[in-house]
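# Summary of the model geometry
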Amino acid sequence: MQLSKILEILHTKFLSKRTRDKSEQFILWIALVSFIIHLLFIVLIQFDFISIDEPSNLLKNPIAAIYTPFSFILVYEVYLLIYYLPKSTSTYISKQYEIIALILVRRLFKDLSDLSLSSNWFNIKTDMQFTYDLVASVLLFYLIYLFHIQRTKIYRPIENIKNHSSSITKFINAKKWIATALVPILLIIAIYSFLDWSIGVFQSTETNHISFKNINNIFFEQFFNILIIADVILLLFSFFHTDEFHKVMRNSGFIISTILIRISFSVSGIINTILIVSAILFGLSILYIHNKFDKNLAEEIEKANKIEE
């Protein structure tokens, strides 16, 4: 009973609607201020007031300044992912997809500042990466739209839900514990990543050039590692709630989808883009088949009830 009270207090403190609204306002202000500061640094460097050897080229073009506020907004999107975790598994997964799509869009802002705009467009690596990401972002937008449609389809009979109310409550409490634990982890990783990046900007060494080769992966690579662990724990807890084959397949498929997203951070170029699209396409396919399965079971139960009557 005491643990249940502690859970409710911590969950209310970290993941209540009031906390969400305050966090949104706070992040928006940080995003605005960071955008102005980034632009200021670019102006100071261009007029030779200061000199910073920043290997990711984020301080050479005003267009790249959009990258910084977008990064803070993405951190808030990760918070929303955690916020929706206890409420709905499919919503939680859709937030993962939205985050990786926004990471791709953020990368477009950075790539825009590196475009060569020459007749050799298809021979220049940065221009080709921009093309891949541009096409992929539109495709992801459409796939996520289809995923949203599928996740709103519910075919379970009301009677079936009532019979499992006790196990559902336990499963929701387990998700609350996981979500509550993820909030401080999110803050620690975010602060560490920001400080590490800030220090690296002002230390022009060979090590930093290597570490910032994949600047888009900062924070998210580590956080998706944590998400995979959280998803596996959720899958194990889901067995206390249900052992229905199609639901186990759905939850297992979502984990595979998350792992594919995580693997995408380890590669670059078109392979990175293909892995991201494949991850969302796989998750959408799993959910679509699950819904067909669920609809068929619901129809069978309804027929059985009519025969009994």
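Our subject in this report is the structure included herewith. Quick caveat: nothing in here was measured; it's all calculated off a predicted structure. (Residues numbered from 1 in each chain as written. Predicted model: local features only at pLDDT ≥ 70, side-chain atom pairs only at ≥ 80, totals over all residues. Heavy atoms only, no water.)

## Considerations on helix 3 (residues 67-84)
Counted at 1.5 Å a residue, the expected span for helix 3 with its 18 residues is 26 Å, and the 26 Å between its end C-alpha atoms agrees. Here helix 3 lies mainly inside the structure; 14 of its 18 residues are buried. (Helix = DSSP H or I, 4+ residues; strand = E, 2+ residues; numbered from the N terminus. Expected span 1.5 Å × (residues − 1). Buried < 20%, exposed > 50% of the residue type's maximum accessible area, 1.4 Å probe, protein only.)

## Some remarks on the environment of Ile255
Structurally, Ile255 is set in helix 10 (residues 245-264). Between the C-alpha atom of Ile255 and that of Gly283, which follows or precedes it by 28 residues, the distance is 8.9 Å. Dropping the residues within four chain positions of it, Ile255 is found in contact with Asp231, Val232 and Leu235. (Contact = heavy atoms within 4.5 Å.)

## A short note on the nonpolar core
Among the nonpolar cores identified, the biggest contains 48 residues, and Ile82, Tyr97, Phe220 and Phe223 are the most heavily contacted of them. Elements with a minimum of two residues in this core: helix 3, helix 4 (89-112), helix 5 (125-151), helix 7 (165-201), helix 9 (220-241), helix 10 and helix 11 (269-308). Per-element accounting of this core gives the leading share, nine residues, to helix 3. Discounting residues that sit within four places of it in the chain, Phe220 has contacts with Leu74, Val78, Ile99, Ile103, Arg106 and Phe265. (Core = buried A, V, L, I, M, F, W, Y, C linked by side-chain atoms within 4.5 Å.)

## Considering the packing of helix 9 against helix 10
At a minimum axis separation of 9 Å, helix 9 and helix 10 run at an interaxial angle of 170°. Taken together, the axis directions place helix 9 and helix 10 in an arrangement best described as roughly antiparallel. For the pair formed by helix 9 and helix 10, the contact residues are Glu221, Phe224, Asn225, Leu227, Ile228, Asp231, Val232, Leu235, Ser238 and Phe239 on the first element and Val248, Asn251, Ser252, Ile255, Thr258, Ile259, Ile261 and Arg262 on the second. Each residue belonging to the contact of helix 9 with helix 10 can be placed in one class, and the counts come to ten nonpolar, five polar and three charged. (Axes fitted to C-alpha atoms, helices over the stretch in contact; angles between N-to-C directions. Parallel < 35°, antiparallel > 145°, perpendicular 65-115°, else oblique. Nonpolar A, V, L, I, M, F, W, Y, C, P; charged D, E, K, R; others polar.)

## Let's talk about helix 4
Counted at 1.5 Å a residue, the expected span for helix 4 with its 24 residues is 34 Å, and the 35 Å between its end C-alpha atoms agrees. Across the 24 residues that make up helix 4, a large majority, 20, are buried.

## Here we look at the side chain of Arg262
Positionally, Arg262 belongs in helix 10. In this structure the side chain of Arg262 is engaged in a polar contact, spanning 2.5 Å, whose partner is the side chain of Asn225. Ignoring sequence-local partners within four residues, the contact set of Arg262 consists of Glu221, Phe224, Asn225 and Ile228. (Polar contact = N/O pair within 3.5 Å; in protein donor to acceptor, adjacent residues only side chain to side chain.)

## A word on the packing of helix 4 against helix 10
Following both chains from N to C, one finds helix 4 and helix 10 inclined at 15°, their axes separated by 11 Å at the closest point. In terms of orientation, helix 4 lies roughly parallel with respect to helix 10. When you trace helix 4 past helix 10, the crossing you get is left-handed. Contact residues: Thr89, Ile93, Gln96, Tyr97 and Ile100 in helix 4; Arg250, Asn251, Phe254, Ser257, Thr258 and Ile261 in helix 10. Residues of the contact of helix 4 with helix 10, tallied by class, amount to five nonpolar, five polar and one charged. (Left-handed = near helix turned anticlockwise from the far one by under 90°.)

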